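Now for the letters of each chain:
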Amino acid sequence: MNLASGFASTFYKLKSHYLLFQNLTTFKETLGKSEKSLTRSLPNLDNPLLLKLERCQNLNQFNQIHCLMITTGLYQDTFAASRLLLISLSSLKPPNICLSYLTFLQIQNPDVFSYNIIIKASAQTTRLPNSLHLYNRLLRRGLCPNEYTFCFLLTSCAQNFFLQEGKQVHAQFIKHSVSSNSIFANTSLISMYGKCGEIDEALQVFEEMPEKGEASWGAIVDSYISHGFLMEGLLLFAKLRSYCVKATNATLVTALCACAKLQYLKCGKTIHGHIEVLGLELNVTLGTSLVDMYSKCGEIDLASEIFSQIPTKSVASWNCMIHGLAMNGRGIVAVDLFKEMLLFGLKPNSATFVGLLQACSHTGLVDDALVYFSSMTNSHDVHPSVRHYGCMVDLYCRAGRLEKAIEVIRTMSIKPDIVIWGALSGGCRKYGHAKLGELVGVQMLKLEPPRTSCALNLSDMYAMDGRWDDMMSVRSMDFDGSFGREGGFSTLT
């Protein structure tokens, strides 16, 4: 580098530093005529620096404003610091939770609002001190928690299934005289008990509430349905409607899920009518839930009609429709729908191929199933699970090609489960392969206790082969009289 170029380089560096200093100076001048106007003005949302903070959307802007708040002394004000903490979690994309915690630690006198923000954030990550530890620090500072503090604490306990800790929070809830009129806090309490399986406690809190909101009804309905009390949950949903409470989208989805599991078509149609009366848009979750309900109740034409009305379909929506068509004997239509899904540029996932392979199995499309099974890893980067292998075993067994089914079991990279052995056992019974069925029955007994349908399948194989003594020997495994076939049911109503 010659002397002239060296001077030129130095000149441009000095010029760039000068321009940077000038920009920072201009930026500070736009926030106020002097630093005194920043520090002496009442720190509310009209403060020019806080107005800039409210519009902040990226980390670089946030860091600049953070530095100015420190240099001007504005950060010493608790309100201003709490706004900085809130923006770090709500406006930055993506939220920087670690930065938020460091920001919280720098607040000299954090108030309840600041603690509420960081307690809520602690429920979203394992890298922060847990919410109960932060709550203890709040109490040691002599601060009084409010209803929102308990909402965030209970949400954290519910997400982690911390029942005992949740009960301790409930005790604090009572100790600090949080009113039973607090809909938000009581709804969080219902949700916590519900997610932890304490349905009676959830119902007691719900019944003691003098005023119940939409979220409160949704929390108690979800508590019942998510733990298998489907009919009780639907009865609560009916009670909700009788009180003219507007059900939330989440509550409607939960109720439709219960109808699908019960194959309760009449109730499902009633909920569908309720959705239309309310004028709700068929968004992806609500529309997919209706498709699932109608499919499992055997109304595949109605399911197809709803599917066509969903404006924006997710992969889950397509999966649900493919599964519905497969289970209702329309495998060829399901395969065509899969091809249509690919034309829309959607990427199929593991569940997509389970439905697709089931469609091929129920329709006898053996060659097509082989092509799709191969394309899972080669074209779509989906690794076969035990469910995919189970579909292939079922496919070959239905087609009478038991030797191919055995080959799949021998070459699969996953240990076969009871479902795969059960599919092979069904094929053996259907096509009269008693010797092979005996070997399969022994494998099934190793996976499940003898007082199940596994022992019954093995005894059937012995009876098919005329080995009556062996059949009686297997049946004698049952000592408590519970041996027998499970009751049948239909997927159609």
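Computed from a predicted structure; not experimentally measured. (Residues numbered from 1 in each chain as written. Predicted model: local features only at pLDDT ≥ 70, side-chain atom pairs only at ≥ 80, totals over all residues. Heavy atoms only, no water.)

A word on the packing of helix α20 (residues 331-343) against helix α21 (residues 350-363)
We count it as follows: Axes, fitted as lines to C-alpha atoms, cover a helix only where it is in contact. Angles between the N-to-C directions of the axes lie from 0 to 180 degrees. Helix and strand definitions follow DSSP, with helices as H or I runs of at least four residues and strands as E runs of at least two, each counted in order from the N terminus. Two helices that cross are described as forming a left-handed crossing if the nearer one is turned anticlockwise from the farther one by less than a right angle, and a right-handed crossing if clockwise. Note on definitions: a residue-residue contact is assigned when non-hydrogen atoms from the two residues lie within 4.5 Å. Residue type decides the class: Asp, Glu, Lys and Arg count as charged, Ala, Val, Leu, Ile, Met, Phe, Trp, Tyr, Cys and Pro as nonpolar, and the leftover types, Gly among them, as polar.
Interhelical geometry of α20 versus α21 gives an angle of 145 degrees and a closest axis separation of 8 Å. In this structure, α20 meets α21 at a crossing whose hand is left-handed. Contacts between α20 and α21 involve Gly331, Ile332, Ala334, Val335, Phe338 and Met341 on the former and, on the latter, Thr352, Phe353, Leu356, Ala359, Cys360 and Thr363. Its residues assigned to classes, the contact of α20 with α21 comprises nine nonpolar, three polar and no charged.

Structural notes on the packing of helix α17 (residues 284-296) against helix α18 (residues 300-309)
For the record, the criterion: When describing relative orientation, an angle under 35 degrees is termed roughly parallel and one over 145 degrees roughly antiparallel, while 65 to 115 degrees is termed roughly perpendicular and anything else oblique.
Contact pair α17 / α18: the axes reach a minimum separation of 7 Å and the direction vectors enclose 170 degrees. What the angle tells us is that α17 and α18 run roughly antiparallel. Classified by chirality, the crossing of α18 by α17 is left-handed. Along its contact with α17, which presents Gly287, Leu290, Val291, Tyr294 and Ser295, the element α18 presents Ile300, Leu302, Ala303, Ile306 and Phe307. Residue classes in the contact of α17 with α18 are distributed as eight nonpolar, two polar and no charged.

Observations regarding the packing of aromatic side chains
This is how the line gets drawn: Ring pairs shown here join Phe, Tyr and Trp side chains whose ring centres sit within 6.5 Å, with only the six-membered ring taken for Trp; geometry is labelled stacked below 30 degrees between planes, edge-to-face above 60, and tilted in between. A simple rule labels every residue: compare its accessible area, found with a 1.4 Å probe on the protein chains alone, to the largest value its type can have, and call it buried under 20%, exposed over 50%, or partly exposed in between.
Inspection of the entire model under this criterion finds 13 aromatic pairs. Both rings, one in Phe104 and one in Tyr115, keep their centres 5.0 Å apart while their planes meet at 75 degrees; by these two values the pair is edge-to-face. With Phe104 in helix α6 (residues 97-105) and Tyr115 in helix α7 (residues 112-122), the pair connects residues that are 11 residues apart, well separated along the chain. Accessibility assignment for this pair places Phe104 and Tyr115 in one class, buried. Judged by centre distance (5.5 Å) and plane angle (80 degrees), the rings of Phe338 and Tyr372 are edge-to-face. Of the two residues, Phe338 is situated in helix α20 and Tyr372 in helix α22 (residues 366-379); the sequence distance between them amounts to 34 residues. Both residues of the pair, Phe338 and Tyr372, belong to the buried class.

A word on the environment of Val393
For Val393, the location among the structural elements is in helix α23 (residues 386-398). Classification of Val393 as buried rests on a relative accessible area of 0%. Here the alpha-carbon distance between Val393 and Trp421, two residues 28 residues apart in the chain, equals 8.8 Å. Those residues within four positions of Val393 in sequence are excluded, and the remaining contacts are Ala405, Val408, Ile409, Ile420, Ala423 and Leu424.

What to know about the side chain of Ser114
For Ser114, the position within the fold is in helix α7. Once residues lying within four places of it in the same chain are set aside, the contact partners of Ser114 are Thr78, Ser82, Leu85, Phe104 and Ile107.

Considerations on the confidence of the model for the chain
Close inspection of predicted coordinates is inappropriate for parts of the model with low pLDDT. This is how the line gets drawn: Confidence of the predictor at the level of single residues is captured by pLDDT, which takes values from 0 to 100.
The share of residues in the chain with pLDDT of 70 or more is 80%, and the mean pLDDT across the chain is 82. Overall, residues 1-42 carries pLDDT values under 50, and its contacts beyond four positions in sequence, including any with other chains, amount to 24 contacts. Overall, residues 479-493 carries pLDDT values under 50, and its contacts beyond four positions in sequence, including any with other chains, amount to 24 contacts.

Focus on the nonpolar core
Basically, it comes down to this: For the purposes of this section, nonpolar cores are sets of buried Ala, Val, Leu, Ile, Met, Phe, Trp, Tyr and Cys residues that join through side-chain atoms within 4.5 Å.
Membership of the largest hydrophobic core comes to 130 residues, with the highest contact counts inside it found for Met69, Met192, Ile220, Ile271, Met293, Val393 and Leu424. For Met192, the residues in contact, after removing those within four places along its chain, are Leu154, Cys157, Ala158, Leu163, Gly166 and Lys167.

Considering a nonpolar patch on the surface
The cut-off we apply is this: In this analysis, a patch consists of residues with relative accessible area above 30% that form no salt bridge, clustered at 9 Å for like charges and at 5 Å for the nonpolar side chains Val, Leu, Ile, Met, Phe, Trp and Tyr. Areas reported here follow the Shrake-Rupley algorithm with a probe of radius 1.4 Å; residue values treat only the protein chains shown as occluding. Here a salt bridge means any side-chain nitrogen of Lys or Arg lying within 4 Å of a carboxyl oxygen belonging to Asp or Glu.
There is a patch of nonpolar side chains on the surface, built from Met231, Leu235, Leu262 and Tyr264 and spanning about 350 Å² of accessible area. Note that Leu262 resides in helix α15 (residues 249-262). By relative accessible area, which is 34% here, Leu262 ends up partly exposed.

A short note on the state of the cysteines
The line we're drawing: The disulfide criterion used throughout: a pair of cysteine sulfur atoms within 2.5 Å.
The full count for this structure, using the stated rule, is zero disulfides. No disulfide involves Cys267; its nearest neighbouring cysteine sulfur is the one of Cys259, lying 3.6 Å away. The buried category is assigned to Cys267, whose relative accessible area is 15%.

Remarks on helix α11 (residues 183-195)
What counts is decided by this rule: Helices are assigned an expected span. That span is 1.5 Å times one less than the residue count.
Between its first and last C-alpha atoms α11 spans 18 Å; for 13 residues at 1.5 Å apiece the expected length is 18 Å, and the two agree. Within two residues after α11, Gly197 carries a phi angle of roughly 85 degrees, on the positive side.

Topic: the side chain of Thr149
Rules: N or O atoms within 3.5 Å of each other form a polar contact, as long as, within protein, one can give a hydrogen and the other can take it, and as long as residues adjacent in sequence are counted only when both atoms are side-chain atoms.
Note on placement: Thr149 falls in helix α9 (residues 147-159). Since its relative accessible area comes to 0%, Thr149 is described here as buried. For Thr149, the side chain forms a polar contact with the side chain of Asn116, separated by 2.6 Å. There is a polar contact of 3.0 Å between the side chain of Thr149 and the side chain of Asn146. With residues near it in sequence (within four places) discarded, Thr149 still touches Val112, Asn116, Ile119, Tyr135 and Leu138.

Side note on α18
Worth spelling out the cut-off: Arc definition: directions from the helix axis to the C-beta atoms.
Within α18, burial applies to Ile300, Ala303, Ile306 and Phe307. One side of α18 carries all its buried residues, which in axial view fall inside an arc of 120 degrees. Buried residues belonging to α18 abut α16 (265-278), α17, α19 (315-327) and α20.

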